[in-house]
Each structure stands twice: as C-alpha cells, then as structure tokens.
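Topology and contacts: notes
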Amino acid sequence: MATSRAPLRFAEAVSATVSESAGSGFFFDYDGTIAPIMRDPGAVFPVAGALERLQVLARLVSKVAIVSSRPAAYLRDRFSDAPQLRLFGLYGMQTVEDGRVRTDAEAEPWAPVMRRVAEEAARDLPREILIEDKALIVALHYRSAPALRGAVERWSSRKAAELGLREQHGRMVVELRPPVERDKGTVVAREIETLTRAWYFGDDLSDGRAFDALRGREERDPAFMGVRVAVANTETGDELARVADFTVDSPEDTPALLDHVISAFPGRPPVVGAGSRHR
C-alpha cells in the first residue's frame, strides 16, 4: 500500500470536493470506522451523529455508501432511516436494492460449503472463539481469547487450503470466504468509475484494497482525486494510517471530520474544532 503522490491538505481536499459535488462520493467501512468494535458483533450500532452526517452528505454529493463485511440485511436494518445510502455487504457479495438483499450469482453456490465450515469451526475450535456465520462468510473472532490467535489462524489456513477458500485477517478475527473476486477494492473501483472525487474511510487491513482502488484510479486519471481516511487503532491500523491522507483517532471522531466537510458547502453553518489531522 505505498503512496505515490504528494500529500493532500485537508482544506484542498474539501474545496475540491465541494467544487465538484455532483461528481463526488463518500465510502465508509462500518465496524471500527463509523461504529465501535465490540466483542458481540450483534450489539454494534453506528456512533452518535454518524447516521445524521451520512444523510446530510447524501443530499450534497453523488454517492454515499457503506462497504462492509457485514451481511447486507444487517446493514439494511442499521440504516433503515437512510434509504438513500448504497449498502454493500459481505465485501460486495451482497447489495441492497429497493430494500431487498441481492446476492452475487457467483458467490451464492458457496453457501452450503460455508455453512459446513461454520459447523466444523464450532466443533473443532475452543469455545472461547466466537464463530459468526454470515451465510457466505465465516468469521472466527478471538477478541475474548487473544492467546488463541495461533490456533485460529492454523485451523483457518488448513480449511482454506482444503476447500479453496480465501482468508481475510482483521482486528482479532480471521474470516473465511468463497474464492470470488469481490472485496472492498473491487466495490470501490466500480462505484467510482463515474466520479471525479472519492473519499474512503476505513480502519482495517481489508480497507487497504479500497485505498489501492483510489490510488489506481488516480494513476490512470490525473483529474481524479481520491481521499484516504484511516481511523487509528493499535491492532491493525498502523499500516493503513501510514498511507492515509488523514487520520482520526476513533469512530467517535468520524462525525466531527464530516462536519468540516459538510460546513464547507454553501449555506452550511461553520463548525468549531478540528476533526482530523494530516501527515
């Protein structure tokens, strides 16, 4: 994830976005970016103020999207008050269209395989490991037992090799998923084809692919501007932060950064205080 262009200034990025709002988009990871990381994934909701800012942004720019490893039905429930948001679940293997979940045709046949993986994980792994069955992804969370990381990773690697699956390492979790070409980078690359400005907010290793998609578009199109925002954390955030244009300290700080962007649009009130820092 090397960066190749000169660092952006925050005011420059905001001004460029406001000046071409009809060609601008904002893309967000969910957990660790606009929602906290918690031991119980089902208990997670967006941080205070996040939903309201996304709703405002959706009225100001061309696209606002959530790109997550969460199932699309989960995202639909969490963002039911904001139907204007585009929702991509399971790394793009699921989307929400007109309120209905659509599953990628290439990934769908893998559902029985992934169901069996979830059953075998429950049988083989220590009970301290939280096994999250997302239908097309099996997430093995070791947050409650960090010392079991090695056991989880060895089991996951064996199962991936046996069944031809892909592994995605993250914050105290390993995910197993079908071998289809869908990830946060492929989603973002497709969604920014008609844009001239795009921001991506992330906190984890999988978000690096979205950063790479922005960079790749910049290299092909000098008129395009990608803005990479990392949410700092001590688990996996250092690598992402090193190549980000801007960082915030926690998901709770993301709404404050968005306030700075929103207030730059004509007719919006100014905000006081900094919501970001840049390298």
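Scroll up a little and you will see the structure.
Let us look at the structure shown here. Note that the structure is a prediction, hence the values are computed from the model and not measured. Residue numbers restart at each chain and count upward from 1, following the sequence in its written direction. The predicted nature of this model means local features are confined to residues of pLDDT at least 70 and side-chain atom pairs, given and counted, to a pLDDT of 80 or more, with totals for whole chains, interfaces and linings taken over all residues. By convention in this description, side-chain values take in all heavy atoms of the structure and omit both hydrogens and water.

Some thoughts on the nonpolar core
Going by this rule: We define the nonpolar core as a collection of buried residues of types Ala, Val, Leu, Ile, Met, Phe, Trp, Tyr and Cys that are connected through side-chain atoms lying within 4.5 Å of one another. Here's how the labels work: a residue is buried when its accessible area is under 20% of the maximum for its type, exposed when over 50%, partly exposed in between, all with a 1.4 Å probe on protein chains only. Strands are runs of DSSP state E lasting at least two residues, helices are runs of H or I lasting at least four, and both sets are numbered from the N terminus onward. Whether two residues are in contact is decided by their heavy atoms: any pair within 4.5 Å suffices.
Core analysis: the biggest nonpolar cluster contains 43 residues, and Phe28, Phe79 and Trp199 have the highest contact counts within it. Per-element tally for this core: the top contributor is helix α2 (residues 50-60), with 6 residues. Dropping the residues within four chain positions of it, Phe28 is found in contact with Ile34, Leu54, Leu57, Val64, Ala65, Ile66, Val67, Phe201, Thr254 and Leu258. With 20 residues, the next largest nonpolar core counts Val67, Phe88, Val188 and Ala198 among its residues.

Considering the pattern of salt bridges
The condition that has to hold: Here, a salt bridge means any Lys or Arg side-chain nitrogen found within 4 Å of an Asp or Glu carboxyl oxygen.
Applying the stated rule across the entire model yields 26 salt bridges. Ionic pairing is found between Glu153 and Arg149, a salt bridge with its closest N-O pair at 2.9 Å. Here Glu153 and its partner Arg149 are both found in helix α5 (residues 149-163), 4 residues apart, which amounts to about one turn of the helix. A salt bridge links Arg217 to Asp221, with the nearest nitrogen and oxygen atoms 3.2 Å apart. The exposure class assigned to Arg217 is buried, which follows from its relative accessible area of 11%. Judged by its relative accessible area of 23%, Asp221 falls in the partly exposed class. Each member of the salt-bridge network shares a partner with another, and the members are Lys63, Arg86, Arg190 and Glu191.

As for the environment of Arg76
By the secondary structure assignment, Arg76 is in helix α3 (residues 72-78). Given the relative accessible area of 30%, Arg76 is considered partly exposed. For the pair Arg76 and Arg100, spaced 24 residues apart in sequence, the C-alpha separation works out to 8.6 Å. Each residue touching Arg76, except ones within four places of it in the same chain, is listed here: Leu87, Val96, Gly99, Arg100 and Val101.

Some thoughts on the packing of helix α6 (residues 184-191) against helix α7 (residues 207-220)
Condition: Only C-alpha atoms enter the line fits that serve as axes; for helices the fit covers just the stretch in contact. Angles between N-to-C directions range over 0 to 180 degrees. Roughly parallel covers angles under 35 degrees, roughly antiparallel covers those over 145, roughly perpendicular covers 65 to 115, and oblique covers all other angles. Here a crossing is called left-handed whenever its near helix is offset anticlockwise from the far helix by less than a right angle, and right-handed whenever the offset is clockwise. Each residue receives one of three labels: charged for Asp, Glu, Lys and Arg, nonpolar for Ala, Val, Leu, Ile, Met, Phe, Trp, Tyr, Cys and Pro, and polar for the others, Gly being one of them.
At a minimum axis separation of 7 Å, α6 and α7 run at an interaxial angle of 30 degrees. The angle between α6 and α7 places the two elements in the roughly parallel class. Relative to α7, the crossing made by α6 is right-handed. Judged by residue contacts, Lys184, Gly185, Val188 and Ala189 of α6 engage Asp207, Arg209, Ala210, Ala213 and Leu214 from α7. Residue classes in the contact of α6 with α7 are distributed as 5 nonpolar, 1 polar and 3 charged.

Here's the deal with the packing of aromatic side chains
Stated formally: Each Phe, Tyr or Trp ring, with Trp reduced to its six-membered ring, pairs with another whose centre is within 6.5 Å; inter-plane angles below 30 degrees give stacked pairs, above 60 give edge-to-face pairs, and intermediate values give tilted ones. Note on criteria: charge over ring means Lys NZ or Arg CZ within 6 Å of the ring centre, with the direction from the centre no more than 35 degrees off the ring normal.
Under the defined criterion, the tally for this structure stands at 8 aromatic pairs. When the centroid spacing of 6.2 Å and the interplanar angle of 85 degrees are considered together, the rings of Tyr200 and Phe211 count as edge-to-face. Of the two residues, Tyr200 is situated in strand β10 (residues 197-202) and Phe211 in helix α7; the sequence distance between them amounts to 11 residues. Each member of the pair, Tyr200 as well as Phe211, carries the same accessibility label: buried. Following the ring pairs from residue to residue traces out a cluster consisting of Phe10, Phe26, Phe28, Trp199, Phe201 and Phe246. In this structure, Arg70 is placed above the aromatic ring of Tyr74, and the distance from its NZ or CZ to the ring centre is 4.1 Å. Lying across the ring of Phe45, Arg78 places its NZ or CZ 3.8 Å from the centre.

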